Structure formats: structure tokens, C-alpha cells
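Analysis of the macromolecular model
This is what each chain is made of:
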Amino acid sequence: MEPIQVEIEAIRTQIEALTEERAILKVDPVLPSYNTPEAIVEAYRRHARETAQISAEVKGIDDAIAALEAKLKEIGRSQGLAQQLLHERTQHPLAEQVEEGKQRAQDRAERINELAEELKQEVQALKAIADEISPSYWQLYNRPFITGFSKISVPYVRSDSTVWMITNQVV
């Protein structure tokens, strides 16, 4: 038997044992002998004192069962995902390689677009400075401070989910 199956069986056995133990431990209901408010309060207080340990143990058993059932569900989900992944890998290794490559490309494209946005902002800031000092620069040196702003572009990667395209955005 596989290790996962052994673990699942051990968890199920433990849940059954806890369920049986929980059935044995029971807290009897409170039955006050009088209908006066003081008698009812006293009956509930006495009942709480007498059953405190059993109630705590029952609560602990309920919590343990809930935790074991959650673990069982987690194992079931992970086992199902592992089997699905194994099936996909054996059926379509080329598709897996393509998906991994697409993810790497997507990461790079996002980084290129981030850098392009930063570069675009920096070029625009430089252009603003150039526009500010160009008249004074002309007067002082008789030539332009910076030229070529109309031809500045930055790369931008886009996709229609099947074909990717790198374009140039003019700044």
C-alpha cells in the first residue's frame, strides 16, 4: 500500500476511535428540581461543576475529529492534484514545456513593460528640462541643447493571448 493510503487509513481509524469514545462520554441534561430562579441557577452551577472535566474532554475530542477530517480532506485534494498533474505531464510533456516557457516570457514581458514605463517617464522629465533651458542654451552656445526627441521610443510587449507582439511607443 502507498504511504498516502496508509496515512489516510490511520486517520480514518483514529476518527472512528474518537467517535466511539465521544459516544461513551455524555453529559446528562440539567433537570432543576424547582422552578424558582434561584433553584434553576443552583442546578446549572452544580451541573457545570460536576461535568466540567467531561465537557472539556468532549470538546477536545470534537476538536480532534474536526482537525483529522480537515487533514483527510487536504490529503484528498493534494492527492487528486498530484494525480492530475502526473497525468497531464505524461500525456502532454510538450504542452507543459510551452506553458512553462510562456510563464517565463510573461514575467519578462511584464518587467520590460515596467522598465519601458520608467524610461518613458525619465525621457519626458529630460525633455521638460531641455525645454526649460533650451532658450538660454541657444543664447549662450548658438546650438540646441538636445535633439531627437521626436524619434524616441520605448518597447512595449502586448498579447492577444495567442500571439505576442513587441511594439515601439513613441515618447
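Summary of the structure given here. (Residues numbered from 1 in each chain as written. Predicted model: local features only at pLDDT ≥ 70, side-chain atom pairs only at ≥ 80, totals over all residues. Heavy atoms only, no water.)

The next subject is the overall build of the chain. When its secondary structure is counted, the chain shows three helices and two strands. Counting across all 171 residues of the chain, residues that qualify as buried make up 15%. Across the chain, every contact between residues at least 6 apart in sequence was considered, and the portion connecting residues at least 24 apart equals 53%. Counting only carbon and sulfur atoms, one obtains 55% of the accessible surface of the chain, whose full area is about 13,700 Å². (Helix = DSSP H or I, 4+ residues; strand = E, 2+ residues; numbered from the N terminus. Buried < 20%, exposed > 50% of the residue type's maximum accessible area, 1.4 Å probe, protein only. Contact = heavy atoms within 4.5 Å. Areas by Shrake-Rupley, 256 points an atom, 1.4 Å probe, with all protein chains shown as cover.)

Two strands pair when backbone bridges link them, and strand β1 (residues 153-159) and strand β2 (residues 164-170) are joined in this way by seven bridges, in the antiparallel orientation. The partner of Val157 across the bridge, within β2, is Ile166. (Pairing = 2+ DSSP bridges.)

Before going further, it helps to spend a moment on the environment of Glu57. If you trace the backbone, Glu57 turns up in helix α2 (residues 37-91). Given the relative accessible area of 34%, Glu57 is considered partly exposed. A C-alpha to C-alpha distance of 8.8 Å links Glu57 and Arg22, two positions 35 residues apart in sequence. Excluding residues that lie within four positions of it along the chain, Glu57 makes contacts with Glu21 and Leu25.

In this structure, Asn142 takes a positive phi of about 60° despite not being glycine. With respect to the helices and strands, Asn142 occurs in the loop between α3 (93-141) and β1. Residue class for Asn142 comes out exposed when judged on its relative accessible area of 63%.

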